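So you can see what is in the structure, the chains are spelled out below.
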Amino acid sequence: MKIPIRLISAFSIFTILSANAQDNNFDSLAKLFGQTAPTGSARFQALGGNHAALGADIGSASGNPAGLGFYTRSEFNFTPAFQNTSNNSNYISTNTKASESNFNIANIGVVFGGSQPQYKEGWRGSWSINYSRQNTFYNNIKFGDRNNISSITDAFAQQVSREAGDYNLGVGDFVDAVGQTPNFDLTRNLYYWSFLISPDQNNPQSFHATEQSFISDQKYSFESTGRSSQWTIAYGGTPNEKTYIGFSLGIPSFRYETRSQYSEQYVNNTAFNGLTQSKFYSTSGSGINLTFGAIIKPNETIRFGASITTPTWYDIDETLSSSLKADVNSANAGKTGLGVVLPNGTDNETVGIINRLKSSGYGILEKDGSRYLTNVPLLTTTPFSDNYQLRTPLKANIGMAIFFAKKGFISADVEYLAYTSTKMSTTTNDQYLADDLDYYTQKLRRDLKNVFNLKVGAEYRVMSMVSLRAGVNYQPSPYSFNFDQGSNAINRSTLIFSTGLGFRTSDFYVDFTGLYAETTQAFNPYVLSNTDSFSSAIIKNSYLKGVVSFGIFF
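Residues numbered from 1 in each chain as written. Predicted model: local features only at pLDDT ≥ 70, side-chain atom pairs only at ≥ 80, totals over all residues. Heavy atoms only, no water.

1. What to know about the overall build of the protein chain
Thought 1: Helices and strands together make up the secondary structure of the protein chain, namely seven helices and 25 strands.
Thought 2: If one aligns the C-alpha atoms of the protein chain with their principal axes, the spans along those axes are about 105 × 50 × 40 Å.
Thought 3: Across the 554 residues that make up the protein chain, the buried fraction comes to 55%.
Thought 4: In the protein chain, once contacts between residues fewer than 6 apart in sequence are set aside, the share between residues at least 24 apart is 73%.
Thought 5: As presented, the protein chain carries roughly 23100 Å² of accessible surface, and 56% of it is formed by carbon and sulfur atoms. (Helix = DSSP H or I, 4+ residues; strand = E, 2+ residues; numbered from the N terminus. Buried < 20%, exposed > 50% of the residue type's maximum accessible area, 1.4 Å probe, protein only. Contact = heavy atoms within 4.5 Å. Areas by Shrake-Rupley, 256 points an atom, 1.4 Å probe, with all protein chains shown as cover.)

Structure (structure tokens):
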């Protein structure tokens with residue numbers, strides 16, 4: 001199976017990072033768009049994002065729409081938010097900190113409220129049109145240290161060796177990739193013509209790193225931007241003030257872009273001073289989902305609620321491009337046993353290749369009947385674009401709330417996320433892509449597991465118009481037991497704490513909420529067949545978020 005060009009590049013993820021596999025993969029995609037932070041109004045976010053058994057809040061539209069049935073008047077809500085994401089990365093023996101901030105609209109919407117209850121009989125209900133941000137993808141990660149064991153060029157060599165053997169590639173196949181510009185359609189050709197790897201003398205389909213210095217100063221930086229959000233049209237109503245039912249149509253969309261740069265500087269080098277590899281990834285999509293919910297209120301003290309959200313069916317477009325700059329140690333060109341020696345043949349084919357390299361910007365020194373490499377231009381890959389379909393995990397919530405007259409309440413939800421139901425497919429006739437998507441669908445079903453998230457919150461009215469709120473949201477790791485093993489095992493669960501203050505009159509309200517979340521991630525700048533030969537960055541990720549809701553009743 002052809003894998004290299006079809007890999008999703010870049011979740012990164014802040015985003016979802018793994019110690020045994022790149023964050024840039026479909027596993028990350030499933031988690032990135034399947035798992036969400038507390039969303040909706042500042043009030044619901046202060047309660048840990050639990051909503052199954054609660055109502056009369058605009059957050060019910062994108063949570064449990066049955067809660068809209070508790071409205072007896074109309075409401076407009078506007079909720080801005082500010083989020084600062086921080087990362088403390090440990091790579092080999094060095095800690096590096098980085099952060100990123102973003103201001104956004106967390107929620108905006110309107111509820112067209114139902115009428116006042118009349119003798120608790122007769123149907124009444126409320127409609128809502130609402131926009132909510134599901135996830136914020138702004139992130140910044142940096143790490144680096146001196147590596148005495150391996151180089152990313154070892155990974156280049158292993159990839160090209162593997163593909164040369166799989167597809168029976170010879171020198172002619174790589175020669176055909178050389179054009180008048182240093183642009184290549186496949187990464188294996190990019191690596192080959194960077195001269196950072198060289199074929200073994202006895203096996204032209206086996207490659208090794210050209211630079212034999214095993215000591216390098218490595219640096220990695222990653223930046224991401226974007227968001228996932230949803231427009232929701234929802235309805236909730238009740239026939240008797242005891243049973244509330246609702247449904248909603250969700251139209252989610254997302255935009256996600258990443259830029260990453262990896263560099264190495266070699267100590268005591270012979271052929272190359274170092275290298276810099278850059279990647280750019282952009283993806284966007286839109287989809288549709290449905291939510292159905294119900295709330296049972298047997299009395300004024302207790303409520304039970306449940307909702308189920310169908311998988312979201314996304315249509316996704318993505319673009320990936322990369323570049324590689326090899327910094328040649330030109331001072332060693334022409335010295336015995338040093339530098340990169342090029343073929344010195346005078347036949348038409350060899351001369352033709354040399355001329356094509358020169359026209360592409362390569363520097364070549366001819367000395368004493370030999371040719372030496374003095375410069376490699378910036379090499380790029382042709383931007384690669386694709387379109388495919390993603391089905392995200394099904395979600396189900398069940399919850400309970402206990403009310404203490406008009407003083408407040410305690411509520412709790414259990415949320416089920418079926419990660420193993422995630423599927424990728426294509427409507428095109430590209431069998432190559434279809435095979436890859438099927439391969440990664442099966443892979444993520446091995447790497448991921450279904451999980452139960454727990455959300456708990458409470459509200460206490462300290463004065464007639466002032467309420468205090470607090471909540472906890474626990475999301476266990478969706479990765480399967482076998483994904484991390486031994487010394488690489490890390491706790492990937494996410495814990496979110498929230499607290500809030502609300503001021504409410506008969507005409508308007510203002511709610512303030514603060515959230516703090518923390519999790520541990522990991523990232524491999526490259527992987528090798530021997531897991532002891534490369535290092536992973538362990539990343540402590542956290543964010544602070546402030547949310548304010550302004551609402552008026554009409």
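From this point, the narrative continues.
2. Focus on the nonpolar core
Thought 1: In this structure, Trp193, Phe195, Phe272, Leu357, Tyr362 and Leu373 are the most contacted members of the largest nonpolar core, which totals 53 residues.
Thought 2: Per-element tally for this core: the top contributor is helix 3 (residues 152-166), with six residues.
Thought 3: Membership of the second largest hydrophobic core comes to 15 residues, among which are Phe254, Met424, Leu433 and Leu444. (Core = buried A, V, L, I, M, F, W, Y, C linked by side-chain atoms within 4.5 Å.)

3. Comments concerning the pattern of salt bridges
Thought 1: This structure, assessed with the given rule, holds 13 salt bridges.
Thought 2: For Glu366, the salt bridge identified is with Lys358, shortest N-O distance 3.4 Å.
Thought 3: Among the residues examined, Lys358 registers a relative accessible area of 38% and is labelled partly exposed.
Thought 4: For Arg469, the salt bridge identified is with Asp511, shortest N-O distance 3.1 Å. Here Asp511 lies in strand 24 (residues 508-523) and Arg469 lies in strand 22 (residues 466-475), a separation of 42 residues in the sequence.
Thought 5: The exposure class of Arg469 is buried, given its relative accessible area of 5%. (Salt bridge = Lys/Arg side-chain N within 4 Å of Asp/Glu carboxyl O.)

4. Observations regarding the pairing of strand 25 (residues 537-553)
Thought 1: Looking at chain direction, strand 1 (residues 75-91) and strand 25 are connected through 14 bridges and run antiparallel. In the sheet register, Asn87 faces strand 25, and the bridge partner there is Asn541.
Thought 2: Taken together, the 16 bridges between strand 24 and strand 25 define a ladder with antiparallel strand orientation. Within strand 25, the position partnered with Tyr516 by the bridge is Leu544. (Pairing = 2+ DSSP bridges.)

5. Focus: the side chain of Arg43
Thought 1: Within the fold, Arg43 resides in helix 2 (residues 42-46).
Thought 2: We classify Arg43 as buried; its relative accessible area is 11%.
Thought 3: One polar contact links Arg43 to Glu459, side chain to side chain, over a distance of 3.1 Å.
Thought 4: When residues no more than four places from it in sequence are discounted, the contact partners of Arg43 are Gly55, Ala56, Asp57, Phe409, Glu459, Arg469, Arg504, Asp511 and Thr513. (Polar contact = N/O pair within 3.5 Å; in protein donor to acceptor, adjacent residues only side chain to side chain.)

6. Details of the environment of Leu454
Thought 1: Here Leu454 is to be found in strand 21 (residues 451-461).
Thought 2: Leu454 gets classed as partly exposed once you look at its relative accessible area, which sits at 41%.

7. Things to note about the pairing of strand 1
Thought 1: Across 17 bridges, strand 1 lies against strand 2 (residues 94-112) in antiparallel orientation. Opposite Asn84, over in strand 2, you have Ser101 as the bridge partner.
Thought 2: Linkage of strand 1 to strand 2, two consecutive antiparallel strands, is achieved through a turn of two residues, within which Ile92 is found at a positive phi near 60°.

8. Concerning unusual backbone geometry
Thought 1: Unusually for a residue other than glycine, Asn168 sits at a positive phi of about 55°.
Thought 2: Mapped onto the fold, Asn168 is located in the loop between helix 3 and helix 4 (171-175).
Thought 3: Taking the relative accessible area as the measure of exposure, Asn168 reaches 59% and is therefore exposed.
Thought 4: With phi around 50°, Ala405 is a residue other than glycine that occupies positive phi space.
Thought 5: Along the chain, Ala405 falls in the loop between strand 18 (394-403) and strand 19 (408-418).

9. Things to note about the packing of aromatic side chains
Thought 1: Considering all chains together, one arrives at 24 aromatic pairs under this definition.
Thought 2: Between the aromatic rings of Tyr262 and Tyr526, the centroid separation amounts to 6.3 Å while the plane-to-plane angle is 75°, which identifies the pairing as edge-to-face. With a gap of 264 residues between them, Tyr262 in strand 9 (residues 243-266) and Tyr526 in the loop between strand 24 and strand 25 connect regions that are remote in the sequence.
Thought 3: Of the residues examined, Tyr262 reaches a relative accessible area of 4% and is grouped as buried.
Thought 4: Classification of Tyr526 by relative accessible area gives buried; the value is 2%. (Phe/Tyr/Trp six-rings, centres within 6.5 Å; stacked < 30°, edge-to-face > 60°.)

10. Details of helix 7 (residues 431-447)
Thought 1: Under the 1.5 Å per step criterion, the end-to-end length of helix 7 is 24 Å for 17 residues, consistent within 8% with the ideal 24 Å.
Thought 2: Among the residues making up helix 7, those that are buried are Leu433, Asp436, Leu437, Tyr440, Thr441, Lys443, Leu444 and Asp447.
Thought 3: Its side-chain oxygen at 3.1 Å from the backbone nitrogen of Tyr432, Asp430 defines the N-terminal cap of helix 7. (Expected span 1.5 Å × (residues − 1).)

11. Quick notes on the side chain of Arg469
Thought 1: One polar contact links Arg469 to Glu459, side chain to side chain, over a distance of 2.5 Å.
Thought 2: Apart from residues lying up to four places away in sequence, Arg469 is in contact with Arg43, Ala46, Leu47, Ala458, Glu459, Thr499, Gly500, Leu501, Gly502 and Asp511.

12. Some points on the sheet that holds strand 14 (residues 363-367)
Thought 1: As summarised here, the arrangement of the three strands in space is 13-15-14, forming an open sheet in which the pairing is antiparallel. The open sheet has two free edges, formed respectively by strand 13 (341-342) and strand 14, since each of these has just one partner strand.
Thought 2: Summarising the sheet, strand 13 and strand 15 (residues 370-375) pair through two bridges and their orientation is antiparallel. Across the sheet, residue Leu342 finds its bridge partner in strand 15, namely Arg371.
Thought 3: Each of strand 13, strand 14 and strand 15 touches helix 6 (residues 348-359); the most contacted strand, strand 14, lies at about 135° to it. (Axes fitted to C-alpha atoms, helices over the stretch in contact; angles between N-to-C directions.)

13. Digging into helix 3
Thought 1: Between its terminal C-alpha atoms helix 3 stretches 21 Å, which fits the 21 Å expected from 15 residues at 1.5 Å a residue.
Thought 2: Buried within helix 3 we find Ile152, Thr153, Ala155, Phe156, Ala157, Gln159, Val160, Ser161, Glu163 and Ala164.

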